[in-house]
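Now for the letters of each chain:
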Amino acid sequence: HYGIATPLVAYHEHNAAVMRPHLLARLEAGAALALVSDAGTPLVSDPGFKLVADSVAQGFAVFGVPGPSAVLAALVVAGLPTDRFFFEGFLPQKSAARRQRISALAPIPGTLIFFESARRTAECLADLAAVLGDREAAVCRELTKKFETVRRGSLSKLAAEFAEEPTPRGEIVLLVGPPGENAEVDAGDLDDKLREALTKHSVK
């Protein structure tokens with residue numbers, strides 16, 4: 001489309017270990033290489049960071065050229081706090097492992113950003129709501145494309161809506177607002193809550 005005649009080679013997670021030494025050898029021989037992605041900014045959730053790390057370790061200069069990033073594009077339109085954010089990438093596919101990971105992320109005092117497949121969006125929203133409570137959230141779909149949509153609301157509201165709707169199409173970014181100011185529980189409060197729970201439930 002742009003008339004670029006420079007030879008291209010594929011570099012992805014399936015061939016990265018084999019290709020990286022060849023690319024580093026070309027740099028050693030004096031070549032200048034460009035890492036280009038057709039799916040957003042390179043190095044975000046892809047093996048490009050290993051190439052950069054090895055290049056830097058061998059003393060080669062690495063320069064960045066800004067490009068489209070679903071993470072930042074979603075953050076600026078979600079209507080959630082932007083002063084602190086944490087990009088997790090993809091959560092585990094199975095619900096139990098997913099909930100465990102969400103629980104570990106719960107205390108982070110910033111907006112959480114996830115990539116998710118369209119077919120797991122409803123399940124993921126349900127798990128986020130179950131673990132994080134009714135935080136504000138946004139579901140961003142097909143960002144920067146013709147059918148871009150952003151749905152905002154509480155996690156429980158979004159989870160209920162997506163559970164009743166057909167599976168969405170396209171690329172999905174989920175964002176969840178930070179915990180409220182009173183989300184942290186001190187040790188004394190936690191002990192009281194445990195004693196109260198033990199009056200109604202078993203230790204298990």
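Residues numbered from 1 in each chain as written. Predicted model: local features only at pLDDT ≥ 70, side-chain atom pairs only at ≥ 80, totals over all residues. Heavy atoms only, no water.

Here's the deal with helix H1 (residues 16-28)
Then comes step 1: With 13 residues, H1 should cover 18 Å at 1.5 Å per step; its first-to-last C-alpha distance of 18 Å lies within 8% of that length.
Then comes step 2: Those residues of H1 not exposed but buried are Ala16, Met19, Arg20, Leu23, Leu24 and Leu27. Within H1, the buried residues cover an arc of 135° as seen down the axis, which keeps them to one side. Every exposed residue of H1 that faces more than 90 degrees away from the buried side is listed here: Val18 and Glu28. (Helix = DSSP H or I, 4+ residues; strand = E, 2+ residues; numbered from the N terminus. Expected span 1.5 Å × (residues − 1). Buried < 20%, exposed > 50% of the residue type's maximum accessible area, 1.4 Å probe, protein only. Arc of directions from axis to C-beta.)

A few points about the sheet that holds strand S1 (residues 85-90)
Then comes step 1: Strand order across the open sheet formed by five strands is S1-S2-S5-S3-S4, with mixed pairing between neighbours. Where the open sheet ends on each side, the last strands, each with one partner, are S1 and strand S4 (149-154). Between one strand and the next, the sheet's axes are offset by a mean angle of 15°, whatever the strand orientation.
Then comes step 2: Here five bridges tie strand S2 (residues 111-116) to strand S5 (residues 172-176), and the two strands are oriented antiparallel to one another. (Pairing = 2+ DSSP bridges. Axes fitted to C-alpha atoms, helices over the stretch in contact; angles between N-to-C directions.)

What to know about the pattern of salt bridges
Then comes step 1: Tallying each qualifying case throughout the model produces 12 salt bridges.
Then comes step 2: For arginine 98, the salt bridge identified is with glutamate 123, shortest N-O distance 3.6 Å. Here the residue arginine 98 occupies a position in helix H4 (residues 95-105), and glutamate 123 occupies one in helix H5 (residues 121-132), the gap between them amounting to 25 residues.
Then comes step 3: Note that arginine 120 and glutamate 116 form a salt bridge whose closest N and O atoms lie 3.2 Å from each other. (Salt bridge = Lys/Arg side-chain N within 4 Å of Asp/Glu carboxyl O.)

A look at unusual backbone geometry
Then comes step 1: The phi angle at glutamate 142 is positive, at roughly 55°, despite the residue not being glycine.
Then comes step 2: Residue position: glutamate 142 is located in the loop between strand S3 (136-141) and S4.
Then comes step 3: Of note, threonine 144 is a non-glycine position whose phi angle comes to about 70°, a positive value.

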